[in-house]
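In case you want the letters, here they are:
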Amino acid sequence: VYPLLVLVVFFVSGFNVMTFVIPKLTLMIKEMEGVEIPWYTTTVISVSDFMNQYWWAIAIIILGCVVSGLYYVKTEDGSKEWDQVKIKIPIFGRIYQYFYIARFADNLAILLVGGIPIIQALKIVSSVIGNVVYEKIFLKAAEEVKVGGSMSSVLRRSPEEIPSIVSQMVKIGEESGQVDVVLGHVAKFYNKEAVDQAKNLSTLIEPVLMVLIGIAVAFLAFAVLMPIYDIAGKL
């Protein structure tokens, strides 16, 4: 949440600066005749002038894209696509996968300890997992167990979503008759892994964001202030 909040504040501040502040700062540069203006300064001036004139249209387009995206994600097709995207996003996808695996293992272990038959337990877990990709996997596992197969064989056929160590541990649990105990260990391990990776990622993102923001601010200052200083020095 914190890195996202920083990005939003930076984007809003940058939009305001480019739209309302830069055009006023560059008035003197545009009024000077016979002065060579660097290409990067000319680019900043052109962009800021365009944003100053059509800021309302840009704001409407951005707001429309955000609202449309959120609305599409709420639809059935959009929700399915977003579920697939979430677990494939670089870095973030691994964290999502670990949380889903921990949720699956924890809920299934609790249901089995409570005496719920494994087929019914798998169907319940698939309905509360919160991701259509994993829901399909666990429903297939329920169908496999129903016809006399094993849950681990279905998990093993989805290596991109289910790490091999999970299917191997589930197989050991099935062979030893202690599936609930094994799942409890799986849930504890992957929940800790997900939390640790999320914390590490958040810690890493903060300095990277600060560097990127610093570069953006330095570029604007260099593009706008340096020509002004040059002009003032020639007066």
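Higher on the page you've got the structure.
A brief look at the structure comes next. (Residues numbered from 1 in each chain as written. Predicted model: local features only at pLDDT ≥ 70, side-chain atom pairs only at ≥ 80, totals over all residues. Heavy atoms only, no water.)

Take helix α5 (residues 92–113) next. For α5, which comprises 22 residues, the first-to-last C-alpha distance of 32 Å matches the rise-based estimate of 32 Å (1.5 Å per residue) to within 8%. Restricting attention to buried positions, one finds in α5 the residues Gly93, Ile95, Gln97, Tyr98, Tyr100, Ile101, Ala102, Phe104, Ala105, Leu108, Ala109 and Leu111. Immediately beyond the C-terminal end of α5, within one or two residues, lies Gly115, with a positive phi of roughly 90°. (Helix = DSSP H or I, 4+ residues; strand = E, 2+ residues; numbered from the N terminus. Expected span 1.5 Å × (residues − 1). Buried < 20%, exposed > 50% of the residue type's maximum accessible area, 1.4 Å probe, protein only.)

Our focus in this paragraph is the side chain of Lys86. Tracing the sequence through the fold places Lys86 in helix α4 (residues 76–86). We classify Lys86 as buried; its relative accessible area is 10%.

Right, let's get into the packing of aromatic side chains. Evaluation of the coordinates by the stated rule reveals eight aromatic pairs. Relative to Tyr100, the ring of Tyr96 has its centre 6.4 Å away and its plane inclined at 20°; by these criteria the two rings are stacked. Of this pair, Tyr96 and Tyr100 both sit in helix α5, four residues apart, which is roughly one turn of that helix. Ring geometry for Tyr98 versus Tyr190: centroids 5.1 Å apart, planes at 65°, classification edge-to-face. Of this pair, Tyr98 sits in helix α5 while Tyr190 sits in helix α10 (residues 179–234), and the two are 92 residues apart along the sequence. Across the pair, Tyr190 and Tyr98 agree in class, each one buried. Each member of the aromatic cluster is reached from another via a ring pair, and the members are Tyr96, Tyr100, Phe104, Tyr134 and Phe138. (Phe/Tyr/Trp six-rings, centres within 6.5 Å; stacked < 30°, edge-to-face > 60°.)

Another point: the packing of helix α1 (residues 2–25) against helix α3 (residues 39–74). Closest axis-to-axis distance for the α1/α3 pair is 8 Å, and the angle between their directions is 130°. As summarised for this structure, α1 and α3 are arranged oblique, according to the angle between their axes. Read as a crossing pair, α1 and α3 show a hand that is left-handed. Contacts between α1 and α3 involve Phe11, Phe15, Met18, Thr19, Phe20, Ile22 and Pro23 from the former and Val44, Val47, Ser48, Asp49, Met51, Asn52, Trp55, Ile58 and Ile62 from the latter. (Axes fitted to C-alpha atoms, helices over the stretch in contact; angles between N-to-C directions. Parallel < 35°, antiparallel > 145°, perpendicular 65-115°, else oblique. Left-handed = near helix turned anticlockwise from the far one by under 90°. Contact = heavy atoms within 4.5 Å.)

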